[in-house]
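# Report on the structure
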Amino acid sequence: MPVGLKCPGNQYGIFQKSLISLNRSSTIKSPELVFSCTIHEQLTKLKTSRISSFISNSFSFILSSSGEDRSASTSPSGSPSPSRNECSITPLTPSPSPRTEVRPCVARPFSVVVAIDFGTTSSGYAFSFTKDPETIHMMRRWEDGDPGVTNQKSPTCLLLTPDLRFHSFGFAARDSYHDLDPEEARHWLYFDKFKMKIHSTSDLTMETELESVSGRRVRAIEVFAYALRFFREHALKEVKDQSSSMLEGNEVRWVITVPAVWRQPAKQFMREAAYLAGLVTPDSPEQLLIALEPEAASIYCRKLRLYQVIDLSQRPVINGLDVDGSRPFDSSFRQGDRYIVADCGGGTVDLTVHQIEQPQGTLKELYKVSGGPYGAVGVDLAFEAMLCQIFGADFIESFKAKRPAAWVDLTIAFEARKRTAAPGRANSLNISLPFSFIDFYKRDRGQSVETALRKSKMNFIKWSSQGMLRLSAEAMNELFQPTINNIIKHVENLMQKEEVKDVRFLFLVGGFAESPMLQRAAQNALGSNCRIIIPHDVGLTILKGAVLFGLDPTVVRVRRCPLTYGVGVLNRFVEGRHPRDKLLIKDGREWCTDILDHFVSVDQSVALGEVVRRSYTPARMGQRKIIINIYCSDTDDITYITDPGVRKCGAITLDLLESGAVAASAGDNDKGPAFERREIRTTMQFGDTEIKVTAVDVATGRLVWASIDFLSN
């Protein structure tokens, strides 16, 4: 089914419907009933409006620019060329680069902004009423928290019953799972640190599965939806307690934080989970914002004062300046200041580089976001690897499968001691081994834990007769160093970039930034190049910034594109310039297939309000859908969609039938001249945290149902 489209000239909007939306007739049950039916049952009952069957087909369309004929093809990446019997259509006008269009300020009825910081190891929420935006209300202290720890966040762990029903989240889930009988626990589903799966999965879809501690698997979208639904109920109850008036559902704007290094499929996955959880409906996508974690932290940090931060730099200051002439962090940021924010979380470390613009105080991104899986979980994995080295990897896997609750107890014990690790600490850290671990090892291997430890010859780990592993300072340093070294190396590489060389401030935020081990390493390695700043409420920085972002999504005015995006097109074939294997002869004309028509390029600056416009037209009378495959690459040095590193990452879908376009355009005569002249004008926006698309049928002036799907690949 051939396709084509064109985009609106002076019309712009952020209206977007989800290609993977739930059935529109579905509703989320009232709070008191919300957990009486399972997410699993909802997914089974609700027939989604996904159009994946169309995406598997091949489509083509033609565009034109400055008199040059171009036809888009959607051959899969890596294929030699599209099928030679594909249809093509007459080109219309694409614009070669983003152009600015003024977006009208539309008054929104939001009365409150609720932000959910969905972290790998811990999560929380905060909110602010729009009538009092200076006040950010933090979530109440959690019950059943760890002694001696401020429980402003909850562990990101979820417990489902054996029949896949929600049981509990956070501390309650962790403690309930701990109290289960070992045999009973094998049938329950306990998930923790499951957010990392979304980052590490290269082919993320709605069918991607997560494995519980006991080994049972369930769709990831169900797990995330249960967690978000929990926060929805918890937050709304507290908002209502704080509000003097009744709030309608459409008065709440929701913000969900994600790592900046997450790509479009992962962001769309979180949006779909939010739809399923009932935060918003697919018909009101503007009610939900996806916030980038380091960006949210930056929004908050730019307003910090001296008394709200810790400056790790200890260099001597003369007349208010460092000895090298740079300015210390005195009272607050000034207009024009540039700085790096390193969000050091549980799973990932994200870095963003911002400049404060004059006179509005908006933020401009100077270099594309970067980072990787260098979060605190890396220390946990190093501890697990150490246990495997001592007791055997096969034993550890067997213990995790047969005593899952005891394994969780062991990881909790390590987490508590990990937080107290500090450079220069002289005494050892004691980590209690569950009795079931000691007993299970004795039964399984016929020897004691102490014997295994002695045979391992790991001299910096001792055994205590009280049932504890005694880790020396050297041992803890060994566990931390690989992860910390990755972080330091990434920051150092970033600082070598031309756009970042003169940055003088580095903010460390996120839960891992609380670690004295990371703080000391950062100061030692980077302190001579910039001042290392840590907010007092470092663990809540992202959460507070996400609220501010929800109150004013335009605060980040310029972003950098993380990837190159475009579609495959046909150009007039030029002998000597184009390879012969891409020659397509159609209707007596020679075309070159698989050429990438760039929408935006990697690291390109794109401001809010800047859009990419393309014009398309349907290939045949009565065509009901237009689907165009989108390709992306980590580099900009590409010519064809078959070049190395180019991959198909999504598809734009335009529903002509729903817009009434087909009926309106079929009317002139049997030859359909009105149809041939029809244009579908599409507008794509790359300046926000999510890529958005809108479309208008020029003949009727009606909006065309438009979406971008990144989860069907």
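Above this note sits the structure.
Residues numbered from 1 in each chain as written. Predicted model: local features only at pLDDT ≥ 70, side-chain atom pairs only at ≥ 80, totals over all residues. Heavy atoms only, no water.

Our next topic: the pattern of salt bridges. With the rule as written, the count across this model stands at 35 salt bridges. Here R559 makes a salt bridge to D688, at a shortest N to O gap of 4.0 Å. Linking R559 in strand β26 (residues 556-560) with D688 in the loop between β34 (680-685) and β35 (692-697), this pair joins segments that are 129 residues apart in sequence. As far as burial versus exposure is concerned, R559 and D688 are alike and both buried. Measuring nitrogen to oxygen at the nearest pair gives 3.5 Å for the salt bridge that ties D688 to K692. The two residues D688 and K692 agree in class, both being buried. Shared partners join several salt bridges into a network, and the residues in it are E295, R559, D688 and K692. (Salt bridge = Lys/Arg side-chain N within 4 Å of Asp/Glu carboxyl O. Helix = DSSP H or I, 4+ residues; strand = E, 2+ residues; numbered from the N terminus. Buried < 20%, exposed > 50% of the residue type's maximum accessible area, 1.4 Å probe, protein only.)

Taken as a whole, this structure holds 25 aromatic pairs when the rule is applied. Ring centres 5.9 Å apart and planes at 85 degrees place the aromatic pair F127 and F129 in the edge-to-face group. Take F127 and F129: they sit in the same class, and that class is buried. Judged by centre distance (6.5 Å) and plane angle (25 degrees), the rings of F480 and F512 are stacked. Linking F480 in helix α14 (residues 473-495) with F512 in the loop between β24 (505-509) and α15 (516-526), this pair joins segments that are 32 residues apart in sequence. For F480, a relative accessible area of 1% translates into the label buried. (Phe/Tyr/Trp six-rings, centres within 6.5 Å; stacked < 30°, edge-to-face > 60°.)

Attention shifts here to the sheet that holds strand β30 (residues 605-607). The strands making up a sheet are joined through hydrogen bonds of the backbone, oriented either antiparallel or parallel. Read from one edge of the open sheet, 8 strands run β15-β25-β24-β18-β19-β20-β26-β30, paired in mixed fashion. The strands lining the two open edges of the sheet, one partner per strand, are β15 (309-311) and β30. In this sheet, adjacent strand axes meet at a mean angle of 25 degrees when their direction is disregarded. Along the sheet, α15 makes contact with β18 (338-344), β24 and β25 (531-535), crossing β25 at roughly 155 degrees. (Pairing = 2+ DSSP bridges. Axes fitted to C-alpha atoms, helices over the stretch in contact; angles between N-to-C directions. Contact = heavy atoms within 4.5 Å.)

Our next topic: the sheet that holds strand β22 (residues 461-464). The strand order across the open sheet built from 3 strands is β21-β23-β22, with neighbouring strands paired in antiparallel fashion. Each edge of the open sheet carries a strand with a single partner, namely β21 (429-432) and β22. Looking at each pair of strands side by side, their axes are set apart by 30 degrees on average, direction ignored. Pairing between β21 and strand β23 (residues 468-471): 4 bridges, direction antiparallel.

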